[in-house]
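Listed below, chain by chain, are the residues.
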Amino acid sequence: MPDVLENIPSISEPLIDWYEQNKRDLPWRETKDPYTIWISEIILQQTRVAQGYDYFVRFVSRFPDVQSLAEAPEDEVMKHWEGLGYYSRARNLQYAARQVMSEFHGVFPDTYEGVLSLKGVGEYTAAAVCSFAYGLPYAVLDGNVYRVMSRLFALDTPIDSGAGKKLFSELAASLLDRRQAATYNQAVMELGALVCTPRSPRCGVCPLSGKCLALSRNKTERFPVKQGKVVVKPRYFNYLHLVCGGTTWIHRRTGNDIWRNLYELVLIETEEEVSFEQLQAGEPFRRLMTGVGKIELRGVPVIRKHVLSHRIIYARFYTLHIERELQDAEAYIRVPSENLSDYVFSRLTLDYFDELEKQRQMNLLF
């Protein structure tokens with residue numbers, strides 16, 4: 001066992017005292033309902049509290065229990081998730097809700113193993129739900145907790161390595177105040193979110209500053225350590241917002257690519273960034289636009305860089321008015337323009353629609 005796990009000082013009392021005085025007032029902290037807590041934890045994966053708060057309120061208002069989520073149309077679930085990103089979370093939520101209905105007779109599981117068996121639930125989420133809802137002594141281990149512990153003990157073992165995950169898991173379990181697991185877990189995560197932040201941590205107000213080895217060595221910015229960065233692949237998306245009278249065309253993404261089951265405008269993906277003139281000269285564009293007659297580019301093209309976990313999307317949106325409807329449109333859905341809001345789009349496309357509205361108000365879409 002590593003030396004750090006021997007004679008670990010207790011941090012529970014000062015940490016919980018700080019938490020009780022400084023915690024944010026959040027609705028999922030005012031309940032012991034495991035369903036509500038589970039929804040909040042899934043929403044807050046990869047999402048900041050400030051962004052996720054309103055989504056949480058809307059989501060649980062529409063789907064207040066497991067049964068309502070399990071029985072809802074998938075498109076409606078996705079619509080309530082629209083803009084949050086990482087859409088597999090929403091699909092997994094509904095799959096897991098249906099698991100609860102079929103495997104647990106509609107009652108949310110009350111054991112760690114049962115919660116962990118749900119689709120999309122990992123060790124962190126299972127520990128969070130079990131400690132917050134049932135008071136079970138399972139230590140949470142998310143990005144905030146990794147950061148707090150790595151700085152507190154100046155641990156240079158990479159948190160994304162096998163050895164690191166084992167070490168930090170054992171350390172988190174050793175530090176856990178088993179008598180008040182829920183409060184302790186909330187406190188250590190809140191400390192990481194509000195005080196022990198990734199950049200410019202507020203060490204002067206930290207209740208654990210006197211015990212922090214990284215601070216005593218003036219090396220807080222060096223922790224936590226990671227063994228390597230994820231290789232990010234660039235992709236180049238050219239979106240065509242085709243308008244003919246009051247009609248446009250959209251496509252539903254399928255397969256195992258990003259944004260599965262979400263809708264998008266007509267897309268031509270290229271190997272590199274291209275100008276509109278180059279796009280027009282390419283075979284995909286010419287084949288698609290055969291028979292549409294006159295093509296007019298309206299407004300100002302919208303150019304965006306959209307960063308995902310493993311990809312960077314370089315996107316260009318073109319608003320094109322065409323004289324006649326698409327001839328070969330089997331892959332697309334013909335939609336009245338005023339009904340586009342009925343469909344679920346990625347945050348990237350929603351951003352384009354917002355920009356389009358601004359151009360319309362500025363009379364740029366002549």
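Residues numbered from 1 in each chain as written. Predicted model: local features only at pLDDT ≥ 70, side-chain atom pairs only at ≥ 80, totals over all residues. Heavy atoms only, no water.

Asks: Summarise the packing of aromatic side chains; cite the residues concerned and give the values.
Replies: Under the counting rule described, the total for this entry stands at 18 aromatic pairs. Both rings, one in Phe237 and one in Trp259, keep their centres 6.2 Å apart while their planes meet at 75°; by these two values the pair is edge-to-face. Remark: Trp259 occurs in the loop between β2 (247-252) and β3 (263-270) and Phe237 occurs in strand β1 (residues 233-243); sequence separation between them is 22 residues. You can call Phe237 buried: its relative accessible area is 0%. Assessed through its relative accessible area of 11%, Trp259 is described here as buried. A connected cluster of aromatic rings, assembled from ring pairs, spans Phe237, Tyr239, Trp259, Phe317, Phe345, Tyr352 and Phe353. Against the face of Tyr55 rests Arg58, its NZ or CZ located 4.8 Å from the ring centre. Against the face of Tyr95 rests Lys119, its NZ or CZ located 5.7 Å from the ring centre. (Phe/Tyr/Trp six-rings, centres within 6.5 Å; stacked < 30°, edge-to-face > 60°. Helix = DSSP H or I, 4+ residues; strand = E, 2+ residues; numbered from the N terminus. Buried < 20%, exposed > 50% of the residue type's maximum accessible area, 1.4 Å probe, protein only. Lys NZ or Arg CZ within 6 Å of the ring centre and 35° of its normal.)

Asks: For the packing of helix α2 (residues 34-43) against helix α8 (residues 123-134), give the residues involved together with the corresponding values.
Replies: Two elements in contact, α2 and α8, have axes separated by 9 Å at closest approach and are oriented at 145°. In the packing of α2 onto α8, the handedness of the crossing is right-handed. Facing α2, whose interface residues are Pro34, Ile37, Trp38, Glu41 and Ile42, α8 presents Tyr124, Thr125, Ala128, Val129, Phe132, Ala133 and Tyr134. (Axes fitted to C-alpha atoms, helices over the stretch in contact; angles between N-to-C directions. Left-handed = near helix turned anticlockwise from the far one by under 90°. Contact = heavy atoms within 4.5 Å.)

Asks: If you had to explain the pattern of salt bridges to someone new, which residues and values would you point to?
Replies: Applying the stated rule across the entire model yields 22 salt bridges. Here Lys166 ties to Glu170 by a salt bridge, and the two come within 2.7 Å at their closest N and O atoms. With Lys166 and Glu170 both in helix α10 (residues 162-175), this residue pair falls 4 residues apart, about one helical turn. Owing to a relative accessible area of 27%, Glu170 belongs among the partly exposed residues under this scheme. Here Arg179 ties to Asp177 by a salt bridge, and the two come within 3.4 Å at their closest N and O atoms. Classification of Asp177 as buried rests on a relative accessible area of 7%. Counted as one network, the salt bridges with shared partners bring together Arg235, Arg253, Asp257, Glu264 and Glu269. (Salt bridge = Lys/Arg side-chain N within 4 Å of Asp/Glu carboxyl O.)

Asks: Let's hear about the packing of α2 against helix α6 (residues 88-103): which residues, and what values?
Replies: Running from N to C, α2 and α6 point in directions that differ by 160°, and their axes come no closer than 10 Å. As summarised for this structure, α2 and α6 are arranged roughly antiparallel, according to the angle between their axes. Crossing geometry of α2 relative to α6 is assigned as right-handed. In this structure, α2 uses Trp38, Ile39, Ile42 and Ile43 to contact α6, whose residues at the interface are Arg89, Leu93, Ala96 and Ala97. Here the contact of α2 with α6 is built from residues that sort into 7 nonpolar, no polar and 1 charged. (Parallel < 35°, antiparallel > 145°, perpendicular 65-115°, else oblique. Nonpolar A, V, L, I, M, F, W, Y, C, P; charged D, E, K, R; others polar.)

Asks: Explain the side chain of Arg298 to me, and be specific about the residues and the numbers.
Replies: Of note, Arg298 is situated in strand β4 (residues 295-307). A distance of 3.5 Å separates polar atoms of two side chains, one belonging to Arg298 and the other to Glu296. (Polar contact = N/O pair within 3.5 Å; in protein donor to acceptor, adjacent residues only side chain to side chain.)

Asks: I'd like a description of the sheet that holds β1, backed by residues and values.
Replies: With mixed pairing, the 6 strands of this open sheet are ordered in space as β4-β5-β1-β3-β2-β6. Strands at the two margins of the open sheet, each flanked by one partner only, are β4 and β6 (333-336). Recorded for the sheet is a direction-independent mean angle of 40° between the axes of neighbouring strands. With 10 bridges joining them, β4 and strand β5 (residues 311-322) adopt antiparallel strand pairing. Along β5, the bridge assignment pairs Ile303 with Arg316. Each of β1, β3, β4 and β5 touches helix α15 (residues 347-361); the most contacted strand, β4, lies at about 135° to it. (Pairing = 2+ DSSP bridges.)

Asks: Report on unusual backbone geometry, specifying residues and quantitative values.
Replies: Each neighbour pair has its own omega, and for Phe223 with Pro224 the value is 0°, a cis peptide bond. Mapped onto the elements of the fold, Pro224 is located in the loop between α12 (213-216) and β1. Of note, Ala154 is a non-glycine position whose phi angle comes to about 50°, a positive value. In this structure, Ala154 sits in the loop between α9 (143-152) and α10. Residue classification places Ala154 among the buried residues on the basis of a relative accessible area of 13%. Of note in the backbone geometry, Trp259 takes a positive phi value of approximately 60° without being a glycine.

Asks: Before we move on, can you summarise the environment of Val344 with the specific residues and values?
Replies: Take Val344: it is sitting in the loop between β6 and α15. Relative accessible area serves as the criterion here: at 4%, Val344 is assigned to the buried category. Taking the C-alpha atoms as reference, Val344 lies 19 Å from Val60; in sequence the two are 284 residues apart.

Asks: Quick rundown of the environment of Gln51? Include the residues and the values.
Replies: Relative to the elements of secondary structure, Gln51 occurs in helix α3 (residues 49-62). Placed 289 residues apart in sequence, Gln51 and Leu340 show a C-alpha to C-alpha distance of 24 Å. The contact partners of Gln51, leaving out residues within four places of it in the chain, are Gly83 and Leu84.

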